[in-house]
Amino acid sequence: MLFQFAQRAAAQAPTPDGVDMADTLRQNGKIYVVVAVVVIIVAGLLVYLFSLDRKVSKLEKEANS
């Protein structure tokens, strides 16, 4: 069991040269597109959670009245 964990951890170790895919995206300037998409998705999730929290709070107030 411990050997399998160590083997998985070693397999995920970064290469000394860095991550090839990230370097390629940086060279092509597409890393900014990836970052922008991730930021938009996270922002959308946060907006959805805040609106859901407001709706639940409103329903709780109505239920307590």
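Residues numbered from 1 in each chain as written. Predicted model: local features only at pLDDT ≥ 70, side-chain atom pairs only at ≥ 80, totals over all residues. Heavy atoms only, no water.

## What about the pattern of salt bridges?
So, point 1. Applying the stated rule across the entire model yields one salt bridge.
So, point 2. Between Asp23 and Arg26 there is a salt bridge whose closest N-O contact spans 2.8 Å. Highlighted residues: Asp23 and Arg26, both in helix α2 (residues 20-28), separated by three residues, approximately one helical turn.
So, point 3. On the accessibility criterion, Arg26 (52% relative accessible area) is exposed. (Salt bridge = Lys/Arg side-chain N within 4 Å of Asp/Glu carboxyl O. Helix = DSSP H or I, 4+ residues; strand = E, 2+ residues; numbered from the N terminus. Buried < 20%, exposed > 50% of the residue type's maximum accessible area, 1.4 Å probe, protein only.)

## Here's the deal with a nonpolar patch on the surface
So, point 1. A surface patch of nonpolar side chains, amounting to about 810 Å² of accessible area, comprises Val34, Val38, Val42, Leu46, Tyr48, Leu49, Phe50, Leu52 and Val56.
So, point 2. Relative to the assigned elements, Phe50 resides in helix α3 (residues 31-64).
So, point 3. When its relative accessible area of 55% is taken as the criterion, Phe50 is described as exposed. (Patch = residues over 30% accessible without salt bridge, like charges linked within 9 Å, V, L, I, M, F, W, Y side chains within 5 Å. Areas by Shrake-Rupley, 256 points an atom, 1.4 Å probe, with all protein chains shown as cover.)

Remember that the coordinates give geometry; whether it matters functionally is a separate question.
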